[in-house]
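Chain and residue survey
So you can see what is in the structure, the chains are spelled out below.
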Amino acid sequence: QVQLVESGGGLVQAGGSLRLSCAASRSIASFTPMGWYRQAPGKLRELVAITSVTGRGRDTNYADSVKGRFTISSDNAKNTIYLQMNSLKPEDTAVYFCYVGPPLNVWGQGTQVTVSS
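Residues numbered from 1 in each chain as written. Predicted model: local features only at pLDDT ≥ 70, side-chain atom pairs only at ≥ 80, totals over all residues. Heavy atoms only, no water.

1. Side note on the state of the cysteines
Put simply, the test is: Cysteine sulfur pairs qualify as disulfides if the two atoms are within 2.5 Å. Secondary structure elements follow DSSP: runs of H or I no shorter than four residues count as helices, runs of E no shorter than two count as strands, and numbering proceeds from the N terminus. Each residue is placed in one exposure class: buried if its accessible area under a 1.4 Å probe, protein chains only, is under 20% of its type's maximum, exposed if it is over 50%, and partly exposed if it falls in between.
Throughout the structure, instances matching the rule amount to 1 disulfide. Between the sulfur atoms of Cys22 and its disulfide mate Cys98 the distance is 2.0 Å. With the S-S bond torsion at 55°, the cross-link from Cys22 to Cys98 turns out right-handed. Taken together, the residues span a long stretch of sequence, with Cys22 in strand 3 (residues 18-24) and Cys98 in strand 9 (residues 94-100) at a distance of 76 residues. By relative accessible area, Cys98 is classed as buried at 0%.

2. As for the pairing of strand 9
Rule in force here: Pairing between two strands requires that DSSP report at least two bridges joining them.
Counting buried residues in strand 9 gives 6 out of 7 residues, a clear majority hidden from the surface. Examined bridge by bridge, strand 4 (residues 34-39) and strand 9 share 6 bridges and lie antiparallel to one another. The partner of Trp36 across the bridge, within strand 9, is Cys98. Inspection of the sheet shows strand 9 paired to strand 11 (residues 111-116) by 3 bridges, in the antiparallel sense. Residue Tyr96 lies in a different strand from strand 11, and its bridge partner there is Thr111. Between strand 9 and strand 10 (residues 106-107), which follow one another and run antiparallel, lie 5 residues, and Asn105 among them has a positive phi close to 45°.

Pasting the structure below:
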């Protein structure tokens, strides 16, 4: 099994930036997909960004609400997934979770992001 630990959340003003990190307890380079989800109070967990390895190479998808502002990346040497978040908006306020797909299907514990107006 593998454990995922998120960090980098916090309080930021609208228009600001944060970089979230998701550190895995061992290599996750061979697993796909990997991504970030978020859950705001009273709402369902939703996809933010996800990256997958396909027969055509690497495929990355973003929620429409974050396209052009958020970027997902990974550093295999550090067993870490990142989410760079720029031009943050109050509606980005949520707990952010990282996820690694089958066969692990493992979630991190989440990190709070709060964007003030």
